[in-house]
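Summary of structural features
Okay, here's what each chain looks like letter by letter:
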Amino acid sequence: MDISSLPHSFRLLVTGGGTGGHTYPALTAIRTLQGRLTAAGSTLDVLWIGTADGLEARVAPAEGIAFKTVATGKIRRSANPLKMLSAANVKDMARVPLGVAQARSIVSEFQPDVVLATGGYVAVPAGLAARLSRCPLVLHEQTVRLGLANRKLASSATRIAVSSESSLALLPAEVRGRAVVTGNPVRPEVLTGDPDKAVEALALHGFDRRLPTVYVTGGAQGAQQINGLVRDVLPWLLGHANVIHQCGPANVDELRAAAAGLDPVLAGRYHLAGFVGAALPDVLALADVVLSRSGAGTLAELTALGKPAVFVPLATSAGNEQAHNAQHLADAGAAVALLGEVTPQSLQNAVSPLLTDPARRAAMAERARAHGRPDAADRLVDVLLSAAAG
């Protein structure tokens, strides 16, 4: 996109966070925009509005990004509308006008060329302040359906960037014309892994490279449900595959004890880690099948890489979004979704065909790749620049 008409110093205000799902897409977009502007001889000035206790409060300063907080009101969800009127909700919602006033003051002082809102309840005050200040507002939605914050801001948005074609039909008719499919930005380093580096970095010398490798993860903290299922099928699983298992730091000892009685050959195919850090891109490159939760960031990474996956959605995710995410890919044959009560036997039944049938695995990988958008960050930057240019 031609950016010669934009100011020499481009000012971006980012709002959103609370979790990695809202924070990392914003950070990836910032990095991508910075690269685009630097190449064009321009500079980027960024200010992030977030919560004091959200992930963004650590990530933004660590990246050298100016950071400010505003008063926010968190909605505690309930299927019962009357419970939504709880004292805590009413008290928190009373804070929103204060947050909007604070955000409007920040917007007025910073004078952004465009505001990017990536969701989370902190995005509401800053998004409303952008509308009141007549500043272009771009929403980015990571999940198939608009999250609560983005639903509140949709009517105020200049553009609504969604991660999936199937999101378009779910948007209110009056805002659908402002929507564009960008995909969910994926950290570029995730796309450049090397399987041999994973073998060396994690000392996977007991792995049998003739067998497929399964990467198991419940996220940085692990997932008790997934850990328990894998523990119960571990001897069977290691008979068919190598396994890298990110179980969460608090769960290592319990799983190590459970694996202590394994046959030495099988034990050599099992790598247990509390947390896989810098080696993650290489681990993903090595993995033939991934067993995980189905958060939006995970889906974006796995589809960009074209990885067959078996998803065990987190049942308590906001708006049941993880189940919707998983089902969306499962309907396209791009993953397997295990919904409801999952047993060791149902997990085994789901994983087995992917381990024993390379053709089935390859077909699912191809369908997953068809849903991937490795260029999502560039697409979102195009939308930001277009919105700023008017």
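Our subject is the structure that appears above.
Since the structure is predicted, the reported quantities are computational estimates derived from the model, not experimental observations.

Here's the deal with the overall build of the chain
- Summing up its helical and strand segments, the chain has 17 helices and 13 strands in all.
- Within the chain, the proportion of its 390 residues that are buried is 51%.
- Contacts spanning at least 24 positions in sequence make up 68% of the contacts within the chain whose residues lie at least 6 apart.
- Surface summary for the chain: the accessible area is close to 16800 Å², and the carbon and sulfur share equals 53%.
- Charged side chains of the chain number 35 positive and 31 negative; the gap between the two group centres comes to 7 Å.

Remarks on unusual backbone geometry
- Phi at Gln 111 is positive, roughly 55°, even though this residue is not glycine.
- Topologically, Gln 111 is positioned in the loop between helix H5 (96–110) and strand E4 (114–117).
- Residue class for Gln 111 comes out exposed when judged on its relative accessible area of 53%.
- Phi at Ala 203 is positive, roughly 55°, even though this residue is not glycine.
- Residue placement: Ala 203 occurs in the loop between helix H8 (195–201) and strand E8 (213–217).
- The class of Ala 203 is partly exposed, set by a relative accessible area of 48%.

A closer look at the nonpolar core
- Tyr 270, Leu 291, Val 310 and Leu 347 are the most contacted members of the largest nonpolar core, which totals 32 residues.
- Looking at this core, the elements with two or more residues in it are E8, helix H9 (224–238), helix H10 (252–259), strand E10 (270–273), strand E11 (289–292) and helix H15 (344–356).
- Not counting chain neighbours up to four residues away, the residues in contact with Val 310 comprise Val 290, Leu 291, Ser 292, Val 336, Leu 338, Leu 347, Ala 350, Val 351 and Leu 354.

Re the pattern of salt bridges
- The full count for this structure, using the stated rule, is 13 salt bridges.
- One salt bridge in this structure joins Asp 382 and Arg 36, with 3.0 Å as the shortest N-O distance. Remark: Arg 36 occurs in helix H1 (residues 20–39) and Asp 382 occurs in helix H17 (residues 376–389); sequence separation between them is 346 residues.
- When the shortest N-O distance is used, the salt bridge between Asp 375 and Arg 379 registers 3.1 Å.

Description of the pairing of E10
- Residues of E10 alternate between two faces, with Tyr 270 and Leu 272 on one and His 271 and Ala 273 on the opposite face, all of them buried.
- By the bridge criterion, four bridges tie strand E9 (residues 242–246) to E10 in an arrangement that is parallel. Bridge pairing in E10 links Val 243 to Tyr 270.

A short note on the sheet that holds strand E5 (residues 137–141)
- In spatial order, the strands read E3-E2-E1-E4-E5-E6-E7; together these seven strands make up an open sheet with parallel pairing. Edge positions in the sheet fall to strand E3 (66–69) and strand E7 (179–181), since each has one partner strand and no second. The mean angle between the axes of side-by-side strands here comes to 25°, regardless of whether they run parallel or antiparallel.
- Relative to E7, strand E6 (residues 159–162) runs parallel, the two sharing three bridges.

Details of the side chain of Asn 184
- Among the structural elements, Asn 184 can be located in the loop between E7 and H8.
- Given a relative accessible area of 6%, Asn 184 falls into the buried group.
- Not counting the four nearest positions on each side in its chain, Asn 184 is found in contact with Pro 25, His 140, Gln 142, Ser 163, Ala 296, Gly 297, Ala 300 and Ala 376.

As for the sheet that holds strand E12 (residues 309–311)
- Sheet architecture is open: six strands sit in the order E10-E9-E8-E11-E12-E13, paired in parallel fashion. Edge strands, defined here as strands with exactly one partner in the open sheet, are E10 and strand E13 (336–337).
- Across the sheet, helix H13 (residues 296–305) lies against E11 and E12, angled at about 165° from E12, the strand it touches most.

Brief notes about the pairing of E5
- The element E5 is extensively covered by neighbouring structure, given that five of its five residues are classed as buried.
- Here E5 shows two buried faces, one formed by Leu 137, Leu 139 and Glu 141 and the other by Val 138 and His 140.
- Of the strand pairs in this sheet, E4 and E5 are connected by three bridges, and their pairing is parallel. Bridging from a neighbouring strand, Val 115 pairs with Leu 137 of E5.
- Handedness of the crossover is the feature at issue here: the chain leaves E4, passes through helix H6 (residues 123–132), returns alongside E5, and the resulting connection is right-handed.
- Relative to E6, E5 is paired through four bridges, and the arrangement is parallel. What sits directly across from Glu 141, in E6, is Val 162.

Some points on the packing of H1 against H17
- At a closest axis distance of 9 Å, the pairing of H1 and H17 adopts a crossing angle of 70°. On the basis of their axis angle, the class for H1 and H17 is roughly perpendicular. Where H1 abuts H17, its residues Thr 28, Ala 29, Thr 32, Leu 33 and Arg 36 lie against Ala 377, Asp 378, Leu 380, Val 381, Asp 382 and Leu 385.
- Its residues assigned to classes, the contact of H1 with H17 comprises six nonpolar, two polar and three charged.

A short note on the environment of Ala 389
- Within the element layout of this structure, Ala 389 appears in helix H17.
- Measuring from C-alpha to C-alpha, the distance between Ala 389 and Asp 113 comes to 8.4 Å, with 276 residues separating the pair along the chain.

Some details on the environment of Val 96
- Among the secondary structure elements, Val 96 is positioned in helix H5.
- The exposure class of Val 96 is buried, given its relative accessible area of 12%.
- Counting along the chain gives 31 residues from Val 96 to Ile 65, while the straight-line C-alpha distance between them is 24 Å.

Rules used in this analysis
Residues numbered from 1 in each chain as written. Predicted model: local features only at pLDDT ≥ 70, side-chain atom pairs only at ≥ 80, totals over all residues. Heavy atoms only, no water. Helix = DSSP H or I, 4+ residues; strand = E, 2+ residues; numbered from the N terminus. Buried < 20%, exposed > 50% of the residue type's maximum accessible area, 1.4 Å probe, protein only. Contact = heavy atoms within 4.5 Å. Areas by Shrake-Rupley, 256 points an atom, 1.4 Å probe, with all protein chains shown as cover. Lys, Arg positive; Asp, Glu negative; His and termini not counted. Charge placed at Lys NZ, Arg CZ, Asp CG, Glu CD. Core = buried A, V, L, I, M, F, W, Y, C linked by side-chain atoms within 4.5 Å. Salt bridge = Lys/Arg side-chain N within 4 Å of Asp/Glu carboxyl O. Pairing = 2+ DSSP bridges. Axes fitted to C-alpha atoms, helices over the stretch in contact; angles between N-to-C directions. Right-handed = clockwise from strand over helix to strand, strands pointing away. Parallel < 35°, antiparallel > 145°, perpendicular 65-115°, else oblique. Nonpolar A, V, L, I, M, F, W, Y, C, P; charged D, E, K, R; others polar.

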